[in-house]
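The chain contents come next:
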2 protein chains.
Amino acid sequence: MSDSPSSWPDLATLRDRIDDIDRQLQVLINQRAECAQQVAQSKMAAEGDDTHFYRPEREAQVLRQIMERNQGPLSSEEIARLFREIMSSCLALERPIKVAYLGPEGTFTQQAALKHFGHGAISVPMTAIDEVFREVEAGAVDYGVVPVENSTEGVISHTLDSFMDSSLQICGEVVLRIHQHLMVGENSRPDKISTIYSHASSLAQCRKWLDAHYPHAERVAMPSNAEAARKVKGEWHSAAIAGDMAAELYGLTRLAEKIEDTPDNSTRFLIIGRQEVPPSGDDKTSLMVSMRNQPGALFEVLDPFHRHGVDMTRIESRPSHTGVWNYVFFIDFKGHTASSNVQQVLQDIGEKAADLKILGAYPRGVL
Amino acid sequence: MSDSPSSWPDLATLRDRIDDIDRQLQVLINQRAECAQQVAQSKMAAEGDDTHFYRPEREAQVLRQIMERNQGPLSSEEIARLFREIMSSCLALERPIKVAYLGPEGTFTQQAALKHFGHGAISVPMTAIDEVFREVEAGAVDYGVVPVENSTEGVISHTLDSFMDSSLQICGEVVLRIHQHLMVGENSRPDKISTIYSHASSLAQCRKWLDAHYPHAERVAMPSNAEAARKVKGEWHSAAIAGDMAAELYGLTRLAEKIEDTPDNSTRFLIIGRQEVPPSGDDKTSLMVSMRNQPGALFEVLDPFHRHGVDMTRIESRPSHTGVWNYVFFIDFKGHTASSNVQQVLQDIGEKAADLKILGAYPRGVL
């Protein structure tokens, strides 16, 4: 009889306990807000008009500590999300952060902006990536959020190109992970799947997997993955490709998980601003390096990383805007420009490169 | 010298204090989550499969208490928003609430859904209002969110009509207030405004005010109010109509505030579900009443409210679906069906009406 109602604390007792916790939470949250106000006043007194109320490195440190010491029952991600909102509200008390993002509203970029800055920030959609850059440069907003790596939509180049003509700094990154699953309704016959529904970009993301596993199934593009999931719910001969949320929402069964062709199917966004960010203890740095088109150019860029034990995470080459230098490399690596081995790398590359521009050193994405 | 850096606690001290508060907050939030888990288990033991984990009346009471006792510095709205998120996370621990809303993503209806259920809920866009109803009826989602009153977009009728053929209950309401201001850039000549920019629907919302105050200014429709605000920033002979956020974002000056023609320019949304909600202490009830087309029909509907001291907040008449009854009235009033004077009203109307359907008694919108 361990499940009988009497073996649990009664509802009234539990609700009293929750009310008591809520009272304490409310006092503490407001105390935190007071401290944040004092921090702001203290900074303004010391720094004057140039005060940056938002400190990306400090926020990253706070969130990492919270996630490390978390004992549940809330997950580390969930508790970090709540603290992001609390910090966002405290910060907005002094002055709401203004953020421009690549719109329209409802896109992943808006999701990334809100994930990073919380709902206390004022966010405004822009119609193009270079508009986001211009708004930040003009000081109309404090920060911008732009996608930089996306396996399907190919927006990388616009963002990278915008850096060529900009003095803005990268202040942070946000990664949204997107997994795709093949799912069917409860009455389906998995061996008889003749039609697969999904959004066109999801079908594209899973093309190779589909070619290998369902070469003869018709692929039908739907307005969204959620629509696809809903459609197959009652059909026995069709399947949908969609994310975790849709499977859960429509009670579908997953025939295969993580079927996207690129193993790490995620979109990465950059936070751009006008401030340099001090080390947070777990940072990344992004560089833009221009090289003459001559034999060994690529090696000369890569070798210093190897020699000084700095871990490169990404390299992209882009045609130069000026036409004088044939290659522009965009390089991300782990570490901060304040550390000595990174400074050695930068010095070595600087001696060989036609131009070296540090796009920013910033905390690695926390969530 | 009261503004000198030395008169403020130094940054390190303040940050230690914040870290200490954060530790306490984290413990308390997780304790709250544990209590919520126990509430859920206690309810499941008592109610079995029919358990409703989400109690709209309890949540409304908690939020009202928090707002009433709030002493700042965070505003009551902001602290309530944070508690909504904390409650949403605690609830999601047991089982995330699934919510269908009138899409697409990024609309006010999504904003209303997230405002009401917090970001711990799973929300899915539907393409039409009756689809939202069907998803809730089928049990695919727990709740639906649909707009019911909107001064410009005229969606009321679809929602009201959907209730005619539905057994769903109204479980709550959300009101989003939207104020419009006339704003100009810093170098403008307010006496020389020749062009006014805004989104078409905002221009429509302020038509009468514009006719009276700027009869000769050209009205130009823009893709969004934010675009309009941005455009006028550098122009001396033009003004924009936009909301608070745009004025703040672009540093514009407000020439006139709240210029919308309807004094309470807000959009109201209903939360629809399958459960009846007990009284929260500050509730509303919505009715659908069918009357024969005969002299005095309207009076017979209205009179009982007056006699029993019940405060009607809205009445709409709609053509009936069946064709047998000529009028269908949708009526909102303050109070809950559990109170005696409301029961008297219902009895009186019931005696005169061809049909009387209670659409729901639910907590008045808290935020």
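Residues numbered from 1 in each chain as written. Chains lettered and ligands numbered in written order. Predicted model: local features only at pLDDT ≥ 70, side-chain atom pairs only at ≥ 80, totals over all residues. Heavy atoms only, no water.

Chain A has the name Bifunctional chorismate mutase/prephenate dehydratase in an unreviewed UniProt entry, where Terasakiispira papahanaumokuakeensis is given as its organism. According to the UniProt record, the Subcellular location (unreviewed entry) comment for chain A is "Cytoplasm". UniProt's Function (unreviewed entry) comment on chain A is quoted here verbatim: "Catalyzes the Claisen rearrangement of chorismate to prephenate and the decarboxylation/dehydration of prephenate to phenylpyruvate." (UniProt positions renumbered as here; feature names shortened; annotations may be inferred.)

> Sorry, what's going on with the side chain of Ser280 of chain B here?
All names here are of chain B. Here Ser280 shows up in the loop between strand 10 (266–273) and strand 11 (283–291). Within the structure, the side chain of Ser280 is placed 3.0 Å from the side chain of Arg64, a separation counted as a polar contact. Those residues in contact with Ser280, other than ones at most four positions away along the chain, are Glu57, Ala60, Gln61, Arg64 and Pro363. (Helix = DSSP H or I, 4+ residues; strand = E, 2+ residues; numbered from the N terminus. Polar contact = N/O pair within 3.5 Å; in protein donor to acceptor, adjacent residues only side chain to side chain. Contact = heavy atoms within 4.5 Å.)

> Even after reading the chapter, I still don't get the sheet that holds strand 12 (residues 312–318) of chain A, so can you show me in this structure?
Consider a sheet: its strands pair through backbone hydrogen bonds, and that pairing is either parallel or antiparallel. Residue and element names in this part refer to chain A. With respect to topology, four strands assemble into an open sheet ordered 12-13-11-14, the strand pairing being antiparallel. Looking along the sheet, the strands with just one partner apiece sit at the ends: strand 12 and strand 14 (355–363). Sheet twist, expressed as the mean angle between neighbouring strand axes with direction ignored, is 15°. Bridge analysis of strand 12 against strand 13 (residues 327–334) gives six bridges, and the strand direction is antiparallel. What sits directly across from Arg318, in strand 13, is Val328. (Pairing = 2+ DSSP bridges. Axes fitted to C-alpha atoms, helices over the stretch in contact; angles between N-to-C directions.)

> I keep staring at the sheet that holds strand 6 (residues 195–199) of chain B and nothing clicks. Help me out?
Residues and elements named next belong to chain B. Strand order across the open sheet formed by five strands is 7-6-8-5-9, with mixed pairing between neighbours. Each edge of the open sheet is held by one strand with a lone partner, namely strand 7 (218–222) and strand 9 (253–256). For this sheet, the mean angle separating the axes of adjacent strands, direction not counted, is 35°. Pairing geometry for strand 6 and strand 8 (residues 238–242), over three bridges, is parallel.

> It is not clear to me how helix 1 (residues 11–47) of chain A should be interpreted in this structure. Could you clarify?
Residue pairs spaced three or four apart in an α-helix point in one direction, given the helix's 3.6 residues per turn. Residue and element names in this part refer to chain A. Counted at 1.5 Å a residue, the expected span for helix 1 with its 37 residues is 54 Å, and the 52 Å between its end C-alpha atoms agrees. Capping the start of helix 1 is the job of one residue whose side-chain oxygen sits 3.0 Å from the backbone nitrogen of Ala12: Asp10. Gly48 occupies a position one or two residues after helix 1 and carries a positive phi of about 70°. (Expected span 1.5 Å × (residues − 1).)

> Help me understand the packing of aromatic side chains, please; the structure alone is not making it clear to me.
Working definition: an aromatic ring pair is given by the centre-to-centre distance plus the angle between the planes. Residues and elements named next belong to chain A. Scanning the model with the defined rule gives twelve aromatic pairs over all chains in all. Centroid distance Tyr54 to Tyr143: 5.3 Å. Interplanar angle 75°. Geometry classified as edge-to-face. Taken as a pair, Tyr54 in the loop between helix 1 and helix 2 (56–69) and Tyr143 in strand 3 (residues 143–149) lie far apart in primary sequence, 89 residues in all. In terms of burial, Tyr54 and Tyr143 fall into one category: buried. A network of ring pairs unites the aromatic residues Tyr54, Phe117 and Tyr143 as a single cluster. (Phe/Tyr/Trp six-rings, centres within 6.5 Å; stacked < 30°, edge-to-face > 60°. Buried < 20%, exposed > 50% of the residue type's maximum accessible area, 1.4 Å probe, protein only.)

> Explain a nonpolar patch on the surface here, please?
Residues and elements named next belong to chain A. Together, Leu298, Leu302 and Ile315 make up an exposed nonpolar region whose accessible area comes to about 220 Å². If you trace the backbone, Ile315 turns up in strand 12. A residue is classified by how much of its surface remains accessible, and Ile315, at 35% relative accessible area, is partly exposed. (Patch = residues over 30% accessible without salt bridge, like charges linked within 9 Å, V, L, I, M, F, W, Y side chains within 5 Å. Areas by Shrake-Rupley, 256 points an atom, 1.4 Å probe, with all protein chains shown as cover. Salt bridge = Lys/Arg side-chain N within 4 Å of Asp/Glu carboxyl O.)

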